[in-house]
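# Summary of structural features
Read off the chains here:
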Amino acid sequence: MAPQTLAQSKRKKRQGIRTMTKTAHGYNYDYFVIGAGSGGVRSSRIAASLGAKVGIAEYKDIGGTCVNVGCVPKKIMAYAADYHGHFEDAKGYGWDVTAPRRLNWKKFITRKNDEIKRLNGIYDGLLESGRHLLRWSRRATRPTHH
Ligand SMILES: Cc1cc2nc3c(=O)[nH]c(=O)nc-3n(C[C@H](O)[C@H](O)[C@H](O)COP(=O)(O)OP(=O)(O)OC[C@H]3O[C@@H](n4cnc5c(N)ncnc54)[C@H](O)[C@@H]3O)c2cc1C
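Please read all numbers here as calculations on a predicted model, not as lab measurements. (Residues numbered from 1 in each chain as written. Predicted model: local features only at pLDDT ≥ 70, side-chain atom pairs only at ≥ 80, totals over all residues.)

## Some details on the overall build of the chain
Counting its regular elements, the chain contains 5 helices and 3 strands. Overall, the chain shows an N-to-C arrangement of helices and strands of α-β-α-β-α-α-α-β. Counting across all 146 residues of the chain, residues that qualify as buried make up 12%. Of all intrachain contacts in the chain linking residues separated by at least 6 positions in sequence, the fraction that spans at least 24 positions is 68%. (Helix = DSSP H or I, 4+ residues; strand = E, 2+ residues; numbered from the N terminus. Buried ≥ 20, exposed ≤ 12 C-beta atoms within 10 Å, placed from the backbone. Contact = placed C-beta atoms within 7 Å.)

## Observations regarding the site of the ligand
As a structural note, the neighbourhood of the ligand is formed by 19 residues, with Gly35, Gly37, Gly39, Gly64 and Gly70 the closest of them. Taken together, the elements giving at least two residues each to the shell around the ligand come down to α2 (38-49), α3 (64-68) and α4 (71-92). (Near = placed C-beta within 6 Å.)

## Side note on the packing of α4 against helix α5 (residues 105-128)
Contact pair α4 / α5: the axes reach a minimum separation of 10 Å and the direction vectors enclose 145 degrees. Remark: the crossing between α4 and α5 carries right-handed chirality. Across the interface between the two elements, Val72, Pro73, Ile76 and Ala80 from α4 touch Phe108, Lys112, Glu115, Ile116 and Leu119 from α5. By residue class, the composition of the contact of α4 with α5 is 7 nonpolar, no polar and 2 charged. (Axes fitted to C-alpha atoms, helices over the stretch in contact; angles between N-to-C directions. Left-handed = near helix turned anticlockwise from the far one by under 90°. Nonpolar A, V, L, I, M, F, W, Y, C, P; charged D, E, K, R; others polar.)

## Things to note about the pairing of strand β1 (residues 31-34)
As paired strands, β1 and strand β2 (residues 54-57) are joined by 4 bridges and run parallel to one another. Counted as the bridge partner of Val33 is Ile56 from β2. After leaving β1, the chain enters α2 and then returns to the sheet as β2, a path that is right-handed. (Pairing = 2+ DSSP bridges. Right-handed = clockwise from strand over helix to strand, strands pointing away.)

## Describing the nonpolar core
Judged by nonpolar contacts, Val33, Ala36, Val41, Ala47, Ala48, Val54, Ile56, Ile62, Leu127 and Leu133 together constitute the single largest core of 10 residues. Those elements that place two or more of their residues in this core are α2 and β2. Tallying contributions element by element places α2 first for this core, with 3 residues. For Leu127, the contacting residues outside a window of four places in its chain are Ala36, Val41, Ile56, Leu133 and Arg135. (Core = buried A, V, L, I, M, F, W, Y, C linked by C-beta atoms within 7 Å.)

## Notes on the environment of Glu115
Structurally, Glu115 is set in helix α5. When the C-alpha positions of Glu115 and Val67 are compared, they lie 9.4 Å apart, and in sequence the two are 48 residues distant.

## What to know about α4
Helix length check: α4, at 22 residues, gives a terminal C-alpha distance of 32 Å against a target of 32 Å (1.5 Å per residue), a fit within 8%. Among the 22 residues in α4, 0 count as buried, and that is only a small part of the element. The positive-phi residue at the C-terminal boundary of α4 is Gly94, with phi of around 95 degrees. (Expected span 1.5 Å × (residues − 1).)

## Re the sheet that holds β2
Strand order in this open sheet of 3 strands is β1-β2-β3, and the pairing throughout is parallel. The open sheet has two edge strands, β1 and β3 (133-136), and neither has a second partner. In this sheet, adjacent strand axes meet at a mean angle of 15 degrees when their direction is disregarded. Relative to β3, β2 is paired through 4 bridges, and the arrangement is parallel. Looking at the pairing, Ile56 lines up with Arg135 of β3.

Right, dumping it as structure tokens:
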């Protein structure tokens, strides 16, 4: 392979392309995971903990569907909506609930997004702490059309 110019090498580094030592089988990784969702993060950590050289690519937000657009935001929204009924019930138990009961949507969305960011950070930390584990913030593609 022709040696790289400094500019090429810098560009590759910027793009996250690293020169790597090959595995015993002649590949860059023992195990390469596409997608850092619940399944990808867990399986890559298990493989890395067993000594495999692992790569994981994620082109969107770490944590995948569950954290970013699935279970977590759904539950936050469901819990928030549930309070409305609790305020009504509270009256029956003698609570004086006279304050206007309005959801501040802007505040709610900020809190929801903060919680998701916190979880993204935890997932990030899980991957960072994995030995033999390299993270690629990009979409995995095939070199040829298929
Ligand atoms: C609205 C909603 C609510 C849900 N609620 C629950 C619940 O309460 N409880 C529950 O158990 N489950 C729930 N689920 C299901 C749960 O979210 C999924 O089962 C879980 O996220 C699947 O995890 P996964 O790792 O297989 O895939 P995902 O989390 O979808 O991860 C796949 C990842 O791969 C990435 N990716 C895809 N292609 C590429 C590529 N070429 N290169 C790089 N990255 C790529 C994507 O960006 C994504 O982050 C819910 C789902 C939805 C949509």
